[in-house]
Amino acid sequence: MLISKTKKKKKKKKLFASDDEEEDAEKAALTAQRLKEYHAKKATKPKTVAKSMVILDVKPWDDETDMKAMEASVRGIVMEGLVWGTAKFVAIGYGIKKLQITAVVEDDKVGVDDLSEQIESFEDFVQSVDVASFNKL
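Description of the structure in this document. Just so it is clear, the model here is predicted, and its values are computed rather than measured.

The next thing to look at is the pattern of salt bridges. In this structure the tally under the stated criterion is six salt bridges. Note that Asp57 and Lys98 form a salt bridge whose closest N and O atoms lie 3.1 Å from each other. Highlighted residues: Asp57 in strand 1 (residues 51–60) and Lys98 in strand 3 (residues 96–106), separated in sequence by 41 residues. Side by side, Asp57 and Lys98 carry an identical accessibility label, which is buried. One network of salt bridges, with partners in common, ties together Glu80, Glu106 and Lys109.

Spelled out as structure tokens, the structure:
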């Protein structure tokens, strides 16, 4: 004996859907309006500027190098997005001291490599420049 199965097609009902197309259009318009307001509000907010605090070790040629003149030369470098901070002289050994200077730089405007090259261009005073510390603010 063969038993035949009949398939019945049932209409699927959406339990929580609305039948009104007008309500769907209103919701879409409201959503679009809120998105537009959100993007307009977001565009007026000021962007945060990425900054870093860099501590540079500037090493002189010898113990006879004029350290005050070296510091004045380094601080004489002016770039947009560069703010010089504190400086101190740290003893290395044999009477030689290095200049340890702090700078706050805006990452998009000032490159630390470019800054180091500019400092090293003072060949009468500077032997080398090392980055002692680099912190994002």
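Additional details are given in the paragraphs that follow.
Within a sheet, each strand pairs with its neighbour through backbone hydrogen bonds, oriented either parallel or antiparallel. The strand order across the open sheet formed by four strands is 2-3-1-4, and the pairing between neighbours is antiparallel. Of all the strands in the sheet, just strand 2 (82–93) and strand 4 (126–136) have a single pairing partner and so form its edges. Pairwise comparison of adjacent strand axes, ignoring direction, gives a mean angle of 20° for this sheet. Taken together, the eight bridges between strand 1 and strand 3 define a ladder with antiparallel strand orientation. Across the sheet, Val58 pairs through a bridge with Leu99, a residue of strand 3.

Its place among the elements puts Pro60 in strand 1. Residues Pro60 and Lys98, 38 residues apart in the sequence, show an inter-C-alpha distance of 6.4 Å. The contacts of Pro60, once residues within four sequence positions are left out, are Thr65, Met67, Met70, Ile96, Lys97, Lys98, Phe125 and Gln127.

Moving on, we come to the pairing of strand 3. With eight of eleven residues buried, strand 3 is to be regarded as a mostly interior element. Hairpin connection of strand 2 to strand 3: two residues between the antiparallel strands, including Tyr94 at a positive phi of 55°.

With that settled, the discussion passes to a positive patch on the surface. There is a patch of like positive charges on the surface, built from Lys41, Lys42, Lys45 and Lys47. Relative to the helices and strands, Lys47 resides in the loop between helix 1 (21–44) and strand 1.

When strand 2 meets strand 3, the two strands line up antiparallel, connected through nine bridges. Within strand 3, the position partnered with Gly93 by the bridge is Ile96.

The rules behind these values
Residues numbered from 1 in each chain as written. Predicted model: local features only at pLDDT ≥ 70, side-chain atom pairs only at ≥ 80, totals over all residues. Heavy atoms only, no water. Salt bridge = Lys/Arg side-chain N within 4 Å of Asp/Glu carboxyl O. Helix = DSSP H or I, 4+ residues; strand = E, 2+ residues; numbered from the N terminus. Buried < 20%, exposed > 50% of the residue type's maximum accessible area, 1.4 Å probe, protein only. Pairing = 2+ DSSP bridges. Axes fitted to C-alpha atoms, helices over the stretch in contact; angles between N-to-C directions. Contact = heavy atoms within 4.5 Å. Patch = residues over 30% accessible without salt bridge, like charges linked within 9 Å, V, L, I, M, F, W, Y side chains within 5 Å. Areas by Shrake-Rupley, 256 points an atom, 1.4 Å probe, with all protein chains shown as cover. Lys, Arg positive; Asp, Glu negative; His and termini not counted. Charge placed at Lys NZ, Arg CZ, Asp CG, Glu CD.

Function-wise, these values are silent; they only describe arrangement.
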